[in-house]
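Chain and residue survey
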Amino acid sequence: MDVWPRGRLHKPGDWRYAERMTNASAVHELAALLDRLGVPLAARQGGTLAARSPITGEVVATVREASPDDVEAAVARAHVAFAAWRLVPAPRRGELVRLFGEELRAAKADLARLVTLEAGKIVSEGLGEVQEMIDICDFAVGLSRQLCGLTIATERASHRMMETWHPLGVVGIISAFNFPVAVWAWNAALALVCGDPCVWKPSEKTPLCALATQALLERALARFGDAPPHLSQVVQGGAAVGAALVNHPLVPLVSATGSTAMGRKVGPALAARFARALLELGGNNAAIVAPSADLELAVRAIAFSAMGTAGQRCTTLRRLLVHDDIYEALLPRLARAVATVPVGDPRREGTLVGPLIDEAASEAMTRALAAAVAAGGQVVGGEAVAAVAQDGAALGGWYRRPALVEMPAQRGPMLHETFAPILYVTRYRALEEALALQNAVAQGLSSSIFTSDLREAERFMAADGSDCGIANVNLGPSGAEIGGAFGGEKETGGGRESGSDSWRAYMRRATNTINYGKSLPLAQGVRFDVE
């Protein structure tokens, strides 16, 4: 029997399950979660890859790492699966994804709790990440009946021209720790309905989330009944495992989410063998706060975008450009939000900022703040926080209060992405100046403007406005939903995942021309008559 907070008793599937077991150690709860999610004991014991909880810093499992030879074998198996899966009608392939969505709904509380324990997300964000998986499954199921091409007007009589879309092949997926299950789902749900098997190299910082997700998909595959084996496989490990996947000639597409430095290695390697790259890399995202902005709305949006997920989203708000006329009214409110936001154990009700993923992330935050001070910045917050569990025990993770940094100009660390809750703020006088500042960084992922002026909003979204893949009005740059294509420009990589027409990346296009007449007219009026 499980004893719950406030003396209540509930079943594991209950939504309140996310509130249980907030004692210091995560080991026992994690083991129970993995059992219920169907992860075999052998998959999480006796390996060389240590899985840690950022909540406590403790090792909670040891996972077997794959070798390059293991990747070779996994891709070979997936290629065999592709030969069969590509012949299954797309709506039938969609049925597998529908069943997977059902498994996710049934296991939502447990998988979300695992995300909290292994990635450090607060309870609502863990639940939200699993909901993203469910949403993309719903999207992909509908898409499975809409993988359609065009009928194209032809200049030749008694001819028809059209385009058709066919499955591409094995898709390699390399995901990051900050969205340990959702980003895989964005890719895998679309890839599976498009007819492509997947080989997944998850972040070495969140291996257990991958094992649990794979176990849930295997439940769906068992219910589906007649799918070829090895439609989805997980290969755990570091850079060598990723490189083996990227360099494999039977992987025509690799979707890689991570740092720009990682993308600089992955992109050229794929280009060298003429494979496709779907890159989702860094984002040094800005928001403009115009004089006509609704400050109540802006403060709430800025707070979530800058501090949510402890600043570890690729769409996190990192640069705030505030008009001179409202600067003095806005800054004290932001400083108050930074000073009072609840930081601590993400399992506890009311916590809004959990831990950084590891010590290296905390050290990077310290270096960035020091560089900001050296560049003339004034820092509010940013200090280490001594977090405690529900039972009062000290936690060993890396907890930092978000930092608000007033900068005299956009320079120094403000020009570089630091994966931590740091919000740099500087002033502007005219919209053209703000747009120039926003676009003057290497990345081009997400952006936003807070304004009540229609002209400013339209100017921001115009061709000579924001240069980002996402441009929002009156909401922050963070928190995308699956219906729209997700991705950005410049050093963000240019890839698009999730909604809209992103499915086309997972298929190959063929142009078909059919002559149903008895003559042979050639295009462009060419004549080539032979006896």
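Residues numbered from 1 in each chain as written. Predicted model: local features only at pLDDT ≥ 70, side-chain atom pairs only at ≥ 80, totals over all residues. Heavy atoms only, no water.

Some details on helix α4 (residues 108–119)
Between its terminal C-alpha atoms α4 stretches 16 Å, which fits the 16 Å expected from 12 residues at 1.5 Å a residue. Summarising burial for α4: 11 of the 12 residues are buried, a large majority. Along α4, the residues that are buried comprise Ala-109, Asp-110, Leu-111, Ala-112, Arg-113, Leu-114, Val-115, Thr-116, Leu-117, Glu-118 and Ala-119. Looking at the packing, one finds that the buried side of α4 touches α1 (27–37), β1 (49–52), α3 (90–106), α5 (123–143) and α7 (207–224). Following α4 by one or two positions, Gly-120 has its phi on the positive side, about 85°. (Helix = DSSP H or I, 4+ residues; strand = E, 2+ residues; numbered from the N terminus. Expected span 1.5 Å × (residues − 1). Buried < 20%, exposed > 50% of the residue type's maximum accessible area, 1.4 Å probe, protein only. Contact = heavy atoms within 4.5 Å.)

Some remarks on the sheet that holds strand β4 (residues 159–167)
Strand order in this open sheet of 3 strands is β3-β4-β21, and the pairing throughout is antiparallel. The outermost strands of the open sheet, each flanked by one partner alone, are β3 (151–152) and β21 (507–515). Taken together, the 9 bridges between β4 and β21 define a ladder with antiparallel strand orientation. In the sheet register, Thr-164 faces β21, and the bridge partner there is Ala-510. (Pairing = 2+ DSSP bridges.)

Notes on empty space enclosed by the protein
Throughout the structure, instances matching the rule amount to 4 cavities of 30 Å³ or more. In terms of lining residues, the largest cavity is bounded by Ile-302, Ala-303, Ala-306, Met-307, Leu-334, Ala-337, Val-338, Pro-402, Ala-403, Pro-421, Ile-422 and Leu-423. Elements with a minimum of two residues in the lining of the largest cavity: α10 (295–307), α11 (324–340) and β14 (422–428). Across the lining of the largest cavity, the residue classes break down as 12 nonpolar, no polar and no charged. (1 Å grid on protein atoms, 1.4 Å probe; cavity = no way out; pocket = protein on both sides within 12 Å on 5 of 7 lines; lining within 4 Å. Points joined across faces, edges and corners; volume = space filled by probe spheres on them. Nonpolar A, V, L, I, M, F, W, Y, C, P; charged D, E, K, R; others polar.)

What to know about the sheet that holds strand β6 (residues 198–201)
Strand pairing in a sheet takes place through backbone hydrogen bonds and is either antiparallel or parallel in direction. Spatially, β7-β6-β5-β8-β9 is the arrangement adopted by the 5 strands of the open sheet, whose pairing is parallel. Because the sheet does not close on itself, it has two edges, and the strands there are β7 (232–234) and β9 (276–280). The mean inter-strand angle of the sheet, taken between neighbouring strand axes irrespective of direction, is 15°. Inspection of the sheet shows strand β8 (residues 253–257) paired to β9 by 5 bridges, in the parallel sense. Bridging across to β9, Ala-256 finds its partner in Leu-279. Contacts from α7 reach β6 and β7, with the element oriented near 160° to β7. Of the strands in this sheet, β5 (171–174), β6 and β8 are in contact with helix α8 (residues 239–246), which crosses β5 at around 155°. (Axes fitted to C-alpha atoms, helices over the stretch in contact; angles between N-to-C directions.)

Let's talk about a nonpolar patch on the surface
On the surface, Leu-520, Leu-522, Val-526, Phe-528 and Val-530 cluster together to form a nonpolar patch covering roughly 560 Å² of accessible area. Within the secondary structure, Val-526 is located in the segment after β21. A residue is classified by how much of its surface remains accessible, and Val-526, at 47% relative accessible area, is partly exposed. (Patch = residues over 30% accessible without salt bridge, like charges linked within 9 Å, V, L, I, M, F, W, Y side chains within 5 Å. Areas by Shrake-Rupley, 256 points an atom, 1.4 Å probe, with all protein chains shown as cover. Salt bridge = Lys/Arg side-chain N within 4 Å of Asp/Glu carboxyl O.)

Here we look at the pattern of salt bridges
Within the structure shown, the criterion is met by 29 salt bridges. Between Arg-496 and Glu-489 there is a salt bridge, with its nearest N and O atoms 2.4 Å apart. Residue classification places Arg-496 among the partly exposed positions, given a relative accessible area of 25%. Here Glu-489 falls in the partly exposed class, since its relative accessible area comes to 33%. Among the ionic contacts, a cluster of salt bridges with common partners joins Glu-95, Arg-98, Glu-102, Glu-103 and Arg-223.

A word on the layout of surface pockets
In this structure, the largest pocket spans a volume of roughly 940 Å³. Ala-176, Thr-257, Gly-258, Ser-259 and Met-262 are, among the 35 residues lining the largest pocket, the residues nearest its centre. Secondary structure elements with two or more residues in the lining of the largest pocket: α8, α9 (260–272) and α12 (359–374). If you tally residues by element for the lining of the largest pocket, the top one is α9, at 5 residues. Residues that form the lining of the largest pocket fall into these classes: 16 nonpolar, 12 polar and 7 charged. Size it by volume and the second largest pocket reaches roughly 530 Å³. Lining the second largest pocket are 24 residues; nearest its centre among them are Ala-43, Leu-211, Gln-214, Val-234 and Val-235. Among the secondary structure elements, those contributing two or more residues to the lining of the second largest pocket are α2 (68–85), α7 and β7. Counting residues per element, the lining of the second largest pocket draws most heavily on α7, at 5 residues.

Thoughts on the packing of aromatic side chains
One pass over the full model with this rule turns up 6 aromatic pairs. Aromatic side chains Phe-177 and Phe-419 sit 6.0 Å apart centroid to centroid with 80° between the ring planes, which places their arrangement in the edge-to-face category. Pair noted here: Phe-177 is in the loop between β5 and α6 (182–193) and Phe-419 is in the loop between β13 (403–406) and β14, with a separation of 242 residues, a long-range link. Given a relative accessible area of 12%, Phe-177 falls into the buried group. Aromatic side chains Trp-186 and Phe-486 sit 5.1 Å apart centroid to centroid with 55° between the ring planes, which places their arrangement in the tilted category. Placement of the pair is Trp-186 in helix α6 and Phe-486 in strand β18 (residues 485–486), with a sequence separation of 300 residues. Against the face of Phe-224 rests Arg-92, its NZ or CZ located 3.8 Å from the ring centre. Here the basic side chain of Lys-121 rests over the ring of Phe-179, its NZ or CZ set 3.4 Å away from the ring centre. (Phe/Tyr/Trp six-rings, centres within 6.5 Å; stacked < 30°, edge-to-face > 60°. Lys NZ or Arg CZ within 6 Å of the ring centre and 35° of its normal.)

Section: the confidence of the model for the protein
Residues at a pLDDT of 70 or more form 95% of the protein, whose mean pLDDT is 94. Contacts of residues 1–22 to residues separated by more than four positions or lying in other chains number 46 contacts, the stretch itself having pLDDT below 50. (pLDDT = per-residue confidence, 0-100.)

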